[in-house]
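# Examination of the molecular architecture
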Amino acid sequence: MMSKLRPQSSATNPGTNMTDSKYFTTTKKGEIFELKAELNSDKKEKKKEAVKKVIASMTVGKDVSALFPDVVNCMQTDNLELKKLVYLYLMNYAKSQPDMAIMAVNTFVKDCEDPNPLIRALAVRTMGCIRVDKITEYLCEPLRKCLKDEDPYVRKTAAVCVAKLHDINAQLVEDQGFLDTLKDLISDSNPMVVANAVAALSEIAESHPSSNLLDLNPQSINKLLTALNECTEWGQIFILDCLANYMPKDDREAQSICERVTPRLSHANSAVVLSAVKVLMKFMEMLSKDLDYYSTLLKKLAPPLVTLLSAEPELQYVALRNINLIVQKRPEILKHEMKVFFVKYNDPIYVKLEKLDIMIRLASQANIAQVLAELKEYATEVDVDFVRKAVRAIGRCAIKVEQSAERCVSTLLDLIQTKVNYVVQEAIVVIKDIFRKYPNKYESVIATLCENLDSLDEPEARAAMIWIVGEYAERIDNADELLESFLEGFHDESTQVQLQLLTAIVKLFLKKPTETQELVQQVLSLATQDSDNPDLRDRGYIYWRLLSTDPVAAKEVVLAEKPLISEETDLIEPTLLDELICYIGTLASVYHKPPSAFVEGSRGVVHKSLPPRTGSSESAESPETAPTGAPPSEQPAVIPAQGDLLGDLLNLDLGPPVSGPPLTTAPVQMGAVDLLGGGLDSLMGGANFAAPPAGTMPANLGAPLGGGLGDLFDLAGGVGTLSGSYVAPKAVWLPAMKAKGLEISGTFSRQVGSISMDLLLTNKALQVMSDFAIQFNRNSFGLAPAAPLQVHAPLSPNQTVEISLPLNTVGSVMKMDPLNNLQVAVKNNIDVFYFSTLYPLHILFVEDGKMERQMFLATWKDIPNENEAQFQIKDCPLNAEAVSSKLQGSNIFTIAKRNVEGQDMLYQSLKLTNGIWVLAELRVQPGNPTFTLSLKCRAPEVSQHVYQAYETILKN
Amino acid sequence: MIHSLFLINCSGDIFLEKHWKSVVSQSVCDYFFEAQEKAADVENVPPVISTPHHYLISIYRDKLFFVSVIQTEVPPLFVIEFLHRVADTFQDYFGECSEAAIKDNVVIVYELLEEMLDNGFPLATESNILKELIKPPTILRSVVNSITGSSNVGDTLPTGQLSNIPWRRAGVKYTNNEAYFDVIEEIDAIIDKSGSTVFAEIQGVIDACIKLSGMPDLSLSFMNPRLLDDVSFHPCIRFKRWESERVLSFIPPDGNFRLISYRVSSQNLVAIPVYVKHNISFKENSSCGRFDITIGPKQNMGKTVEGITVTVHMPKVVLNMNLTPTQGSYTFDPVTKVLTWDIGKITPQKLPSLKGLVNLQSGAPKPEENPSLNIQFKIQQLAISGLKVNRLDMYGEKYKPFKGVKYITKAGKFQVRT
C-alpha cells in the first residue's frame, strides 16, 4: 500500500522530492486509507511524514477529519515537531469530533506539567484553541496553574488562553475568577506578560462593555508605561490603545504620559506610531495651549505622520484616512506639509483620492497657487474617477479660498476648452457652486458654458447648467430657446433635471414674462399632468398656484436672494470628529464612523456602560446594515442634522429662511435644528445628495411647515400640565389667510390611554361656517379620528370653538417622512383645506410600557449595536429623581437605576402604540446639565423622535 | 484580532488558508474577488473591505494577495504591518515569497503562521526568534533530517523570547566578526514640465548586517546627525541616547536588519542628479506623434550616474513606437503600452537620447494626457543628503570586529511630467 503511494507521488512531482509539494498529490480514492495505515506505522519517521501529508491536505481545505483518531494517537510523543503538527490538526478538527477530542485532554493535562516550558506553553496555547464545550471544563485547572507558572513565557501564553476561553464560555471564565488573575498580571514583572494581559483584557472588554476590566489607576498606568518601553512592538500597540482609554486626572498627568509616549513616534512599526499619535491627540486636549510643551508636541507630531506616507500603499491608505481626521481637528500640525500629499501617477487610486481630499483641506491662501497647478495637472490624468475628483477639487478651492476664486474659474475654463466630455461636465457642476458662493461675479463665463450645452449627458451636469441658465436668464439672450430645447425630452430626463428645469423656466418667466408665457404653461402642464412623480407634481402645483394667485409674491419667493453656500461642506461634524479622534488607528477611523455604527458586536466601552453583555460576537441572526462599497466615497452615516443641512445647502437651492406665521418664543436651538434637518428635507421632497435643487419651496409651504415649526417650538417652550402626558400649548396649524378665514390651532394630548387632538377653530371670515369634517391621511402609526368632528353649532364670524377630537391608532398605516408627520384635511361649507403637522411621539407611549428587568437585559443584548443611537440633552438642570418621575408621567418607565462613578444611569423602557419597544439608557451626572441618552430599538428610525419627546418632556 | 488568513494568487485561487480562531468559510473571499473585479488593476484593490460579518484587510505583495479576516475592531495598520511581516518572513525563509515557494514548504509555512500568531495576537515575529523555533529549510538539512529522523523544530525555549532584548538570540558565535552598514538613500521627486522641482525628498535607510559573537553593544555616530530629524528606529535603539547625544546606541539583532529609516524633506537639501529634456507631441488629426527625450547629469556631486532606466506609460491609443536610441536599448510593450529604455550610465560628453515616431490608432482622438516619465538610477558611494557615518564603537565584547560602511543613492519614485 505504501509502496504504491511513493512512486505515484514522485511521478507527479519528480524534481521536488525535497519539498513539501509532494504532499499535494491529488486526493484519490483510497488516499485516506493509505494515510491511515501510515499514521499507524511503527516507524516514527513514517508517522511524521504521514501527519505532514495530513496537514498539507488540511491547509488547502481538504477534509481529512476522518483520520482524527489516528492522528490523535500520534500525540503521545516526545518529538516536538510531531507534537506541534498533531496540535495543529487538533485545533482544526476538534470541533467536528467533540467526543474524540476528549481523548486529547489527558495529554494536555500532562503536558502542562512538563518540565520544558516550551511544552507547557504549547499545551496551554493549543487547548485554548479547541473550541469544544465539553473539554473546556477540564482545562481550567491546568490553565490556573499556567497563569501562575514560574516561567514568564508560559504566563504570557496563558494570559492569551484566558481570552480564548472567554470567547468559548464567558461565564466559566468569570466563575473561575480568571479575570481577576488576568488583572493581576498587569502588574507582572515581565513586560511581555503585561502586554499580553492587556491585549487579552482589551479583547474580553470588547464583548463585555459593562465590566470595569480596564479601569486604570495612576499605579497601573505607571506599570503600563514602564512595560511600554520594554515589550515587543505588538505589545506596545495594545498598551498604547489601552492608555488611550484612560482619563488623566489633570493636565500634569496628561503631560507626563505624553512625554513618555512621545518616543514611540520614532518606532519603525507604523501601527505603533499611529497608536501613539492617538494617545497624544487625545491627551493634548487637556493641555493648555499656552504651554511650551503644547507647541513642542505639535511640532513633534508632523514628521511621523509624513513618514507614514512613504510606507507601502496599504499603510498609506490607512494613514491618509487618519490624517484626514487629524487635519480637521488640528490643521496646524500639517499646514506646512502640503507637498507630501502631491499625487504620484503610479499611486493606487485609493491613495490618490485620499491625498486629493487632504490637499483641499490644507489649501490656504499661502499655498493655493501650488495646489491649483497640481490639480490642473491631475485633471489631465488617465483615471476618470480621479480626474473628476480633481476638477471638483478646483471648485472647492475656489469656494474655500476667496482670493483664488478667479484663478480657479479660469483654470476650469481652460479645462472646459479641452472638450473632454467628463471634464466639461464636472467643471460645469462646480462652476454652479462657485456662482452660489460669489453671485454676480463670474457671469462672463456663461457664454462659454452655453457652448457646451449639447455635450452634457449626465443628470447632475444638465441640472447644474439648467440652474445657471435659469438663474441668469436675464443675461442670456436665448435663455428661452436653451430651456425649450431641454423641454422636448422632458419625460426622459431624470427627476433631478426635471425639477431643475421646472424651476428654471418659472424663473425665466418671472424675469421675462412677455415672451415666455407659452413655455411656462407647457412646463407646468408637463409637470402636473403628465408626470407621475409626486415631487414634480407638487412643485408644479405650487408654482402654478403661486403664479395664478399672486405673481408679485411669486417673484419675491422664486427670485429671492439665496443664502451663500458655506465654505467647507464636507467637514465631519465636530462631536463626531471628537469621537473619531479617540478612535485613531482603528477601523472606525478608516470608515469615519463611530464603531457602534458598523462593527458587529463591537465595543461600547468608551461611551457607555451597560448591564453585562456576554455571548459570542458571532450572532448569526442579527440583521446587518454594515456599510458596503468603496469607503472613500462614502458619506458618514451618522451625520447629525446640522451636517445634513450644511451638506444640502450646497446642492439645494434653498430660498431665504422660512417666514411662516409668527412663531412663539422660546427659541430652543436643538429643536429648531432638528426640525430643519429632519423635517424640512422631507417636506422638500427627499433632499439627499442626489436631490435636485428645490427651488423656492419653503415659502410656498409656509403654512404646513410653519405649523409644524410653531408646534415644535411650542412643545419646547411652553408650560406643560403634569397630569397625564405632557401637553404642548396649542400652535397655529392652519392660518386664516390660507384657509379663507378659518384658523385652526391645536395640540395633541394623551390621558389615561386615550389620545386626542385638541383643536381651536376660529372663524376670521365674514360669513358663517358650518358642515365641518376632518380626515387624516394615512400615516406612520395609523392615527385616525375615533369620532367625527363635532362642531355643534355653525361658527359665526369671530367666534372660536374648542374641540377635543378623540383619536385611535387603528387607521391605515403608511410610513411618512418625517415619521411623525400627519397630513390633515379639514372641510367646511366653504372649501377643503389641507395642512400637515408633526405630532410629538410621546402621545403614542402606552401605559404598559414598563419592561421586566430580565427582559430588558435580554432585549438590550439582542438588539444589534448598529441600532443604537446616542443623543445629548442639554441644559436640563433636573436630578435623576425628578427626571424619572417627570418621564414616568409620559409613560417612559424607569426600570433600574445604577450609580457608576458618580453618574446616575437610568435604564428605561417605553412602548409605542404599534408595539415597538424602545430601550433607553439615560446618563445623568449631578451638577452637569447635559444628559446623555442612548436609545436602542429594533426600528432605529423612531429614535430621533423619541429623543425629541424626551427633550420636550424634560424641558417642560 | 486577526481571525483567518487566506493567500490568493493573481488568477484568484485560494491556495492556503489558516484560521486562528474558528474556521471562516472560504466564501468570505468572494467579497474580495468582487472588489478585485471592480478595481480592474490588482494594485488598486482597496486594502480594507467590509462584508456583512467580517472585515477583510489585504496587502498585495509579490503578485500574491494576503487577505486577513477580522471580526472585531482592530487597528488596520496593525493587521497590515503584520501581513507584511508574514511576507517578509516567507522571503527570509524561502528566498522568495511566491506561490511555488509557499506550496513547496507548506508545513513550515503552517508552523510559522502558528508561531507568529496566537488567537490573533502576534507571538513571535522577529526572524531571530522564529529561526530558533523553526529552522529554515535547506537542501542539506532536509537530506540530513530524512536520514537521521531529526526534526527542524527547536525544542528549547528561544532565549530572546523573554529577555529585554527579544530581537537577539543568545550564544551567537562567529569566527569572523563583522559589522556592515549600508546607507541607502532614495530620491522621491516630482519634476514638472519646465524642469523645476515640484516636490522632492529623500527616503533613507541604514541596513545593517551584523555578524558579531556574544552580546556586543554598539554605538554608531555621524558626522552630521542634524540631518536626521525625522527618524524611525529599530526597537533595539536606545531612544534616550539619541535624544541627548545623537548617537545610535544598540545591542543589534543577529544577521540582517533595518537599523533606522529617515526622511530628509527640506527641499534645498535634496539634489536632483539628472535632468530630462523632452518633447512628446501628438499631431491633431493624424495618427502619429513625435517622441524625443534626452537625459543628462545635473547635481551629481561628481559621481557617475548609472543604471539609468526610463519607463513611460504611453497613452492607450499608441499602437507602437519607432525609436532610435543613441545609447542603450528600448522596448515597447504594445499590450501594456509601457516603454522601457535601458540606458546604463551617462557620459557627459555624449548625452543619451531616444528619438522617433509614435504611431497611434487611426481615427482615435489625440490623447489628452501627457505621459509621465519614471526614472531609475543609481549613484555608488554617495549618500545624496550628505549623511556620513563618523565611527562605530563596540562595547561588551573583547574581540576586534571588522567594520564597513557603504553608501548608495537611488531613484525612488522619481517622476518627470511632460
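Residues numbered from 1 in each chain as written. Chains lettered and ligands numbered in written order. Predicted model: local features only at pLDDT ≥ 70, side-chain atom pairs only at ≥ 80, totals over all residues. Heavy atoms only, no water.

The name given to chain B in an unreviewed UniProt entry is AP-3 complex subunit mu-1, with Sarcophilus harrisii as the source organism. Under Function (unreviewed entry), UniProt gives the following word-for-word description of chain B: "Part of the AP-3 complex, an adaptor-related complex which is not clathrin-associated. The complex is associated with the Golgi region as well as more peripheral structures. It facilitates the budding of vesicles from the Golgi membrane and may be directly involved in trafficking to lysosomes." Per UniProt, chain B has the following entry under Sequence similarities (unreviewed entry): "Belongs to the adaptor complexes medium subunit family." (UniProt positions renumbered as here; feature names shortened; annotations may be inferred.)

Per an unreviewed UniProt entry, chain A goes by AP complex subunit beta and derives from Sarcophilus harrisii. Looking at the Sequence similarities (unreviewed entry) heading of the UniProt record, one finds this comment for chain A: "Belongs to the adaptor complexes large subunit family." One UniProt comment on chain A, placed under Subcellular location (unreviewed entry), says "Endomembrane system".

Okay, the packing of helix α20 (residues 368-378) of chain A against helix α21 (residues 384-400) of chain A next. All names here are of chain A. Close contact between α20 and α21 brings their axes to 8 Å; oriented N to C, the two are set at 155 degrees. Overall, the two elements α20 and α21 adopt an arrangement that is roughly antiparallel. Once α20 is placed against α21, the crossing between them reads as left-handed. Contact residues: I368, V371, L372, L375 and Y378 in α20; F386, V387, A390, A393, I394 and C397 in α21. Of the residues belonging to the contact of α20 with α21, the class tally is 11 nonpolar, no polar and no charged. (Axes fitted to C-alpha atoms, helices over the stretch in contact; angles between N-to-C directions. Helix = DSSP H or I, 4+ residues; strand = E, 2+ residues; numbered from the N terminus. Parallel < 35°, antiparallel > 145°, perpendicular 65-115°, else oblique. Left-handed = near helix turned anticlockwise from the far one by under 90°. Contact = heavy atoms within 4.5 Å. Nonpolar A, V, L, I, M, F, W, Y, C, P; charged D, E, K, R; others polar.)

In total, this model carries 28 aromatic pairs over all chains according to the counting rule given. Ring plane angle 55 degrees and centroid distance 5.7 Å describe the contact between F238 of chain A and F78 of chain B, whose orientation is recorded as tilted. Of this pair, F238 of chain A sits in helix α14 (residues 233-244) while F78 of chain B sits in helix α2 (residues 76-94), each in a different chain. For F238 of chain A, a relative accessible area of 7% translates into the label buried. What makes F78 of chain B buried here is its relative accessible area of 0%. (Phe/Tyr/Trp six-rings, centres within 6.5 Å; stacked < 30°, edge-to-face > 60°. Buried < 20%, exposed > 50% of the residue type's maximum accessible area, 1.4 Å probe, protein only.)

A contiguous patch of negative charge, built from E481, E484, E488 and E518 of chain A, is present on the exposed surface. Take E481 of chain A: it is sitting in helix α26 (residues 479-487). (Patch = residues over 30% accessible without salt bridge, like charges linked within 9 Å, V, L, I, M, F, W, Y side chains within 5 Å. Areas by Shrake-Rupley, 256 points an atom, 1.4 Å probe, with all protein chains shown as cover. Salt bridge = Lys/Arg side-chain N within 4 Å of Asp/Glu carboxyl O. Lys, Arg positive; Asp, Glu negative; His and termini not counted. Charge placed at Lys NZ, Arg CZ, Asp CG, Glu CD.)

Turning to the pairing of strand β19 (residues 338-344) of chain B, a few remarks are in order. All names here are of chain B. Alignment of strand β16 (residues 306-313) against β19, held across 6 bridges, turns out to be antiparallel. Bridge pairing in β19 links T309 to D342. The pairing of strand β18 (residues 329-333) with β19 spans 5 bridges and is classified as antiparallel. By the bridge assignment for β19, T331 is matched with T340. Connecting β18 to the antiparallel partner β19 that follows it, the hairpin turn spans 4 residues, and K337 within it adopts a positive phi of roughly 65 degrees. (Pairing = 2+ DSSP bridges.)

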